[in-house]
Amino acid sequence: MAEKKRIDFKQIESKWQQRWAEDELYRTADLPDKDNKFYMLVMFAYPSGDIHMGHFRNYIIGDAVARQQMMMGKNVLHPFGWDAFGLPAERAAIQRGIHPEEWTLSNIEVSKRTLQKVGISFDWSREIASCLPDYYKWTQWMFIQMFKRGLAVRKKSWVNWDPVDKTVLANEQVKDGFAERSGAKVEKKELVGWYFKITDYADQLIDDLDKLPEWPDNVKAMQREWIGRSHGLEVDFVIEETGEKLPIFTTRPDTIYGVTYMAIAPESDLIDRLKLDGEHAKMVADYRQTALARSEIDRAAATGEKDGVFTGKYAINPFTNERVQLWVADYVLAGYGTGAVMAVPAHDTRDFAFARKYKLPIRVVIQSGGDSVTDGALLDEAFVEYGPMMNSDRFNGLSGAEAIAAVSDFAEKESIGRKVTNYKLKDWSISRQRYWGCPIPIVHCEKCGPVAVPDDQLPVTLPKVENYLPKGRSPLADVPEFMNVTCPECGGKAERDPDTMDTFVCSSWYQLRYVDPHNEKEPFSREKANAWMPIDLYVGGITHATGHLIYFRFFTKFLRDIGWIDFDEPARRLFNHGMVMDAHGEVMSKSKGNVVSPVAVMEERGIDVARLAMFFTAPSDKEVMWSEDGITGVEKFLINKLLPLLESYRSSMPDLKQYFNLNDLTGFDRNIYVKLNQTVKKCSESFERLQFNTAISAVMELIRDYDPDKISSDQLNDSVVLKAIQLIAPLAPHTAEELWSLSGMDGSVFRSGWPQFDPDAIVGDMIEIAVQVNGKLRDSINVPADSSQDAVEQVAFDSERVKGHTDGRQVIKKIYVPGRLLNIVVKG
């Protein structure tokens, strides 16, 4: 441990962080060369307290990439900011009895201080915080652009209601029927609110996933499933009593003759138009209340008991002219299709269970095979596969795609249906009945309706109020000096919209503000955005796959459509890092109270030890089990192997861009030169994959094999030392910068260039082969361990020592002992 005490890592860290700041190492050009830029972005943070090991891992991954790209000569944009509005900050402030603004800004200060202490290469001159007026002015501007183009609409709809946080939640903020943040069981409630018509972009959001080959396949699959595009037929059933059309969507038109009842979603406003009689009206009303208390996840699940209630009304199947009962059923969701479904019990699992429970008819219309059951009463389960149609009039015998096409064509010809595309994706509910958020820039006038606040009156500033507690409606509604205004159009009395925006709106465009963060005249310069975007590498957790990662794609496409940018995807490459687990295998989370601060580790062991431990423990995309054992190993490497490298440095000041001639090197010089270039290649490939553990392993192996006493060339010796420092620099920046400076090399190691491997030296492990001529040793040659006999013979015959005994003589035979010896037998 004596060696450890002589390392004053705090002094080294402080010195280089100060030098980097003075030299503005992390500042970059406003307008980079498009072909020589690298936009490195990690998802910005909720300022809910100091950073923990999960954050630390996220940020050092981005930092390592940014530093390597800097070494490669790129103009690197590596900014940071704060996702500062929203429920987490407001809830924490309520618990502590302070104002959300005070809580948020104090956390930003604490977290920023820690990040600066860690030495992350963020360009702090570009820092943004979504809760500050100079930022949310432009969030409001974005809303207004949507409003002007009919993409921001106010409507009454069934919403997800969080009874704990007393606010609306978007579908993406509900997980398995529970609020993602509060953990409350989500309820359904009918409210008026603002929506973004993200559904207008559904096709682009799916189709353009094919433009993202460097996004993880699982994220793209999750987005395709969430958007849920399906092609089918919309058929016009008719309500018997009123003649009103009841359109239903189906992906299985080939089962249309098997419909024996209809099911309507409990939320559907169609129920209110059915004019139910007293008995049925009461039963349906009671049932609706019960059904809406269940989560959509539970209701839509294929398993589990389904229930419903008969309305007393009937609909007519336009294909058969049969009367079928109209039911209200919990497994039908208002958000999918038309909010009503045709029920085919013989060929749908949920319909089958429902029909059995309520003794409804089951009619087989698809043959399941040679001995298929044709009587629905005898079925044990629904047959859901494709097969020949039966009991289906003119369509009998048709099967699969042919059957679907024929039924669909007939429906269109007879004007009783139409081919349509349907989506699971619904419009994005962005109204929140909470205080701590971006005010919605709309004024409500009795004469003019909803009116956008003029641009010259932005931002609509969030007033500082004492009572911001949630109460089921926005606390801003009780602030008359905020609410009461004049209409911008007619000058009459009007009121502001009291709701605030979903915080995901703030994070849907922040990547664009970074390119021009101090612009007071527009959200960002088009020229700068088009120069820097798209993001070259975006790092964050997979938890945002169907939320933020869809929303910011939507915003990008909208801004393209209105001429603000000339690209249509925000990030070229996406990387999802693995979670950091505690000793019990639980994900570290402030809400669980199991977080470990990187500060404690850094104070005791140093920043670079903490970084190397996190990098080395597991590949970046895998979970990390954080433990003391992971720290000890890399600490020994840094102190006992890396730092002593300069003790063997010979100050030859080599040209690191110059390759050695492999043919001029022999023995250990050749072997270590090959090893050096193999290491450079492996590290470069590891950085490309963000697998920093293998990069560290490669440098460890190089230093293990390095023996200065066996290297005859000063230039080669120093090349090994200096390139090892360069390779470790993005991962252990303070240590590397110190070693680079002590070596006498000019400037920062991060301006020195990234090592390039000599392609002629990329060979496998070398072995020595003894070469005999007529049984006498004439030379020893070095060849790759996996060399074939022909390759060994070629090297042997090229040897000058061997040529002296073989030239002009007839070779009778060659005897090869793999990996050991080649004996050339010649005549005479």
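How each quantity is defined
- Positions within a chain are numbered from 1, following the residues in the order the chain's sequence is written.
- This being a predicted model, a pLDDT of at least 70 is required before a residue's local features are given, and a value of 80 or more before pairs of side-chain atoms are given or counted; all residues contribute to the totals for chains, interfaces and linings.
- Hydrogen atoms and water are omitted, and side-chain values are computed over all heavy atoms in the structure.
- Paired strands, as defined in this entry, are two strands with at least two bridges between them according to DSSP.
- Every helix listed is a DSSP run of H or I at least four residues long, and every strand listed is a run of E at least two residues long, numbered separately from the N terminus.
- Here an angle of 0 to 180 degrees is reported between the N-to-C directions of two axes, which are lines fitted to C-alpha atoms, with helices fitted over the stretch in contact.
- For every residue, the accessible area (1.4 Å probe, protein chains only) is compared with the maximum for its type, and the residue is labelled buried under 20%, exposed over 50%, or partly exposed between those bounds.
- Handedness of a crossover is defined as follows: orient the strands so they point away from the viewer, and if the path from the first strand over the helix to the second runs clockwise, the crossover is right-handed.
- Where a domain begins and ends is set by an automatic assignment or by a domain database.
- Under this definition, polar contacts are N or O atom pairs within 3.5 Å; protein pairs additionally need one hydrogen-donor-capable and one acceptor-capable atom, and for neighbouring residues in sequence, both atoms have to be side-chain atoms.
- Should any heavy atoms of two residues lie within 4.5 Å, those residues are considered in contact.
- Working definition: the arc comes from the directions between the helix axis and the C-beta atoms, pointing outward to the latter.
- Orientation categories follow fixed angle ranges, with anything under 35 degrees roughly parallel, anything over 145 roughly antiparallel, 65 to 115 roughly perpendicular, and all other angles oblique.
- Each residue gets a pLDDT score, which is the predictor's confidence in that residue and runs from 0 to 100.
- Counted as salt bridges are all cases of a side-chain nitrogen of Lys or Arg within 4 Å of a carboxyl oxygen of Asp or Glu.

1. Observations regarding the sheet that holds strand β19 (residues 442-445)
With respect to topology, four strands assemble into an open sheet ordered β20-β19-β22-β21, the strand pairing being antiparallel. Because the sheet does not close on itself, it has two edges, and the strands there are β20 (449-452) and β21 (484-486). Across the sheet, the axes of successive neighbouring strands diverge by a mean angle of 40°, strand direction being ignored.

2. With respect to the pairing of β20
Pairing analysis gives four bridges linking β19 to β20, with the strands arranged antiparallel. Bridging across to β20, His444 finds its partner in Pro450. Hairpin remark: β19 followed by β20, antiparallel, with three residues in the connecting loop.

3. Structural notes on unusual backbone geometry
Here Leu458 and Pro459 are connected by a cis peptide whose omega angle stands at 5°. Mapped onto the elements of the fold, Pro459 is located in the loop between β20 and α14 (480-483). Geometrically, the link from Met533 to Pro534 is a cis peptide bond, its omega value of 0° lying close to zero. Looking at the element boundaries, Pro534 is found in the loop between α17 (526-532) and β24 (537-540).

4. Quick notes on the pairing of β24
Alternating residues of β24 divide into Leu537 and Val539 and Tyr538 and Gly540, and every residue in both groups is buried. The pairing of strand β1 (residues 37-42) with β24 spans three bridges and is parallel. Note on β24: the bridge partner recorded for Met40 is Leu537. When β24 meets strand β25 (residues 574-576), the two strands line up parallel, connected through three bridges. Residue pairing across strands places Tyr538 opposite Leu574, the latter belonging to β25. Once the chain exits β24 it traverses helix α18 (residues 548-561) before rejoining the sheet at β25, and the crossover so formed is right-handed.

5. Let's talk about the domain arrangement of the protein chain
Examined at the domain level, the protein chain breaks down into domain 1 (36-147 + 206-215 + 431-577), domain 2 (230-422), domain 3 (637-760) and domain 4 (766-827). Centre-to-centre, using C-alpha coordinates, domain 1 lies 69 Å away from domain 4.

6. Let's talk about the side chain of Arg553
You can see Arg553 is positioned in helix α18. Polar side-chain contacts of Arg553 include one of 2.8 Å to the side chain of Gln223. In this structure Arg553 touches Gln204, Leu205, Asp208, Leu209, Leu212, Trp215, Gln223, Glu569 and Pro570, once residues within four positions along its chain are discounted.

7. Describing helix α12 (residues 349-358)
For α12, the complete set of buried residues consists of Asp351, Phe352, Phe354 and Ala355. All buried residues of α12 lie within an arc of 170° about the axis, which places them on one face of the element. The inward-facing, buried residues of α12 contact β12 (261-264), β13 (308-316), β14 (323-329) and β15 (340-343). Two or three places before Arg350, at the opening of α12, Asp348 has a side-chain oxygen 3.1 Å from that residue's backbone nitrogen. Within two residues after α12, Lys359 carries a phi angle of roughly 55°, on the positive side.

8. What about the packing of helix α22 (residues 667-689) against helix α23 (residues 692-705)?
Interaxial distance between α22 and α23 falls to 8 Å at its minimum, and their mutual angle equals 170°. As summarised for this structure, α22 and α23 are arranged roughly antiparallel, according to the angle between their axes. Each of Phe668, Ile672, Lys675, Leu676, Thr679, Lys682, Cys683, Ser686, Phe687 and Arg689 in α22 lies in contact with α23, whose residues at this interface are Phe692, Thr694, Ala695, Ala698, Val699, Glu701, Leu702 and Asp705.

9. Notes on the confidence of the model for the protein chain
Caution applies to low-pLDDT regions: their predicted coordinates should not be interpreted in detail. Residues of the protein chain with pLDDT of at least 70 account for 97%, and the chain-wide mean is 91. This stretch, residues 1-5, has a pLDDT under 50; its non-local contacts, to residues over four places away or in other chains, come to five contacts.

10. Concerning the pattern of salt bridges
All chains considered together, the criterion is met by 61 salt bridges. Between Lys211 and Asp568 there is a salt bridge, with the nearest N and O atoms lying 2.7 Å from each other. With Lys211 in the loop between α7 (202-207) and α8 (217-227) and Asp568 in the loop between α18 and β25, this residue pair connects regions lying 357 residues apart in the sequence. The buried category is assigned to Asp568, whose relative accessible area is 18%. Across the salt bridge formed by Asp409 and Lys419, the nearest N and O atoms sit 2.7 Å from each other. Remark: Lys419 occurs in strand β16 (residues 417-422) and Asp409 occurs in helix α13 (residues 400-413); sequence separation between them is ten residues. Accessibility expressed as a relative area gives 40% for Asp409, which makes it partly exposed. When salt bridges that share partners are traced, they join Asp208, Lys211, Arg553, Lys557, Arg560, Asp561, Asp568 and Glu569 into one network.

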